[in-house]
Amino acid sequence: MLYYKTYEHPTSREWVVFIHGAGGSSSIWYKQIREFREDFNLLLIDLRGHGRSANSIKNLWNEKYTFPNVTKDIIEVLDHLNIPPAHVMGVSLGTILARQLAEMEPQRVKSMIMAGAITRLNFTSRILVILGNAFKSVLPYMWLYSLFAFIIMPRGNHAESRSLFIREAKRLCQKEFIRWFKLTKDINPLLRYFKEKDLSIPTLYIMGEEDVMFLESVKNIVKDHKKSFLEVIKACGHVVNVEQPDIFNKLSLEWLKSRYNPLQNSLEHP
């Protein structure tokens, strides 16, 4: 099973499930834990091959890496812990997994918060994927990952989140990086399907105004999906929860608390 960590609230029955992106780990949420645990139960997961899940026996399996298969890992943890329908938060590629979870088992998802969401690959990102696939078995993966990090998060104020992603990615081995990179061939067909199908699950997208790779496509999807909403944080890039945690936490917590009545929840579930 994947590595996970929980923070349980003494009275609340509301859960938030955090899903990190490729090359990262659950440590990407370190600026959210203190505030979120005041009102919610928290579940943080390290995806296969990442963080403390890197030593999992699953890494010895020859199972093909697909978005449904990786999402089944998350479902296994939810089943193991008997987590009730929850609010799911993803960042970067983790937003695709959050959406895949909602697609596969919508009854588990009460709402979604998508940070630095990937809803379509633009021309630049498609070129990066093509080049990455061409050289992934030749060049050291950290060269490729560092290049991608600098292109996606190029500005000086993106340095902290860029360094965090690069530091976490160093824990991956070349073989694991290649397994995950192969998923890129499935991204655009999957994202086209997600855009066409509105699950009607309340969804908040929180994007940085400097996230030039992905912001415009999120604006388009919000126009088409009735229960989707967008907040754009100024002077912020792709990893909004790290670069502007105070604003991100405020927007997220306001959204989550609007999904239910915390006082009523506490009274009904002493």
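Residues numbered from 1 in each chain as written. Predicted model: local features only at pLDDT ≥ 70, side-chain atom pairs only at ≥ 80, totals over all residues. Heavy atoms only, no water.

Taking an unreviewed UniProt entry as the reference, the chain is identified by name as Alpha/beta fold hydrolase belonging to Belliella marina.

1. Things to note about the packing of aromatic side chains
Evaluated as defined, the whole model comprises four aromatic pairs. Relative to F194, the ring of Y193 lies with its centre 6.1 Å away and its plane at 50°, an arrangement referred to as tilted. For F194, a relative accessible area of 4% translates into the label buried. Geometrically, the ring pair formed by F229 and W255 is tilted, given 5.8 Å between the ring centres and 55° between the ring planes. A residue pair is termed long-range when its members are at least 10 positions apart, and F229 in strand β7 (residues 228–233) and W255 in helix α11 (residues 245–258) qualify at 26 residues. The class for F229 is partly exposed, based on a relative accessible area of 42%. When its relative accessible area of 9% is taken as the criterion, W255 is described as buried. Counting every residue linked through ring pairs, the aromatic cluster contains F18, W29 and F36. (Phe/Tyr/Trp six-rings, centres within 6.5 Å; stacked < 30°, edge-to-face > 60°. Buried < 20%, exposed > 50% of the residue type's maximum accessible area, 1.4 Å probe, protein only. Helix = DSSP H or I, 4+ residues; strand = E, 2+ residues; numbered from the N terminus.)

2. As for the pattern of salt bridges
Going through the model one piece at a time under the given rule, you end up with 10 salt bridges. Taking the shortest distance from any N to any O, the salt bridge between E14 and K110 comes out at 3.0 Å. Taken together, the positions of E14 in the loop between β1 (4–7) and β2 (15–19) and K110 in strand β5 (residues 109–115) put the pair 96 residues apart, joining distant regions of the chain. Its relative accessible area of 6% is what places E14 among the buried residues. E103 is the partner of R99 in a salt bridge, and the nearest nitrogen-oxygen pair spans 3.1 Å. Here the residue R99 and the residue E103 both occupy positions in helix α3 (residues 93–104), the gap between them amounting to four residues, near one helical turn. Side by side, R99 and E103 carry an identical accessibility label, which is buried. (Salt bridge = Lys/Arg side-chain N within 4 Å of Asp/Glu carboxyl O.)

3. Re the sheet that holds strand β4 (residues 86–91)
The strand order across the open sheet formed by seven strands is β1-β3-β2-β4-β5-β6-β7, and the pairing between neighbours is mixed. Whereas interior strands pair on both sides, the edge strands pair on one side only; in this sheet they are β1 and β7. Between one strand and the next, the sheet's axes are offset by a mean angle of 15°, whatever the strand orientation. By the bridge criterion, six bridges tie β4 to β5 in an arrangement that is parallel. When the bridges of β5 are listed, M89 appears paired with I113. Contacts from α11 reach β2, β4, β5, β6 (203–208) and β7, with the element oriented near 165° to β5. (Pairing = 2+ DSSP bridges. Axes fitted to C-alpha atoms, helices over the stretch in contact; angles between N-to-C directions. Contact = heavy atoms within 4.5 Å.)

4. Here we look at the packing of helix α2 (residues 67–81) against α3
Put simply, α2 and α3 touch, their axes get as near as 9 Å, and they point 75° apart. By the angle between their axes, α2 is roughly perpendicular relative to α3. Mapping the contact onto sequence places F67, P68, V70, T71, K72, I74, I75 and L78 in α2 and L93, I96, L97, Q100, L101 and M104 in α3. Looking at the contact of α2 with α3 residue by residue, the classes come out as 11 nonpolar, two polar and one charged. (Parallel < 35°, antiparallel > 145°, perpendicular 65-115°, else oblique. Nonpolar A, V, L, I, M, F, W, Y, C, P; charged D, E, K, R; others polar.)

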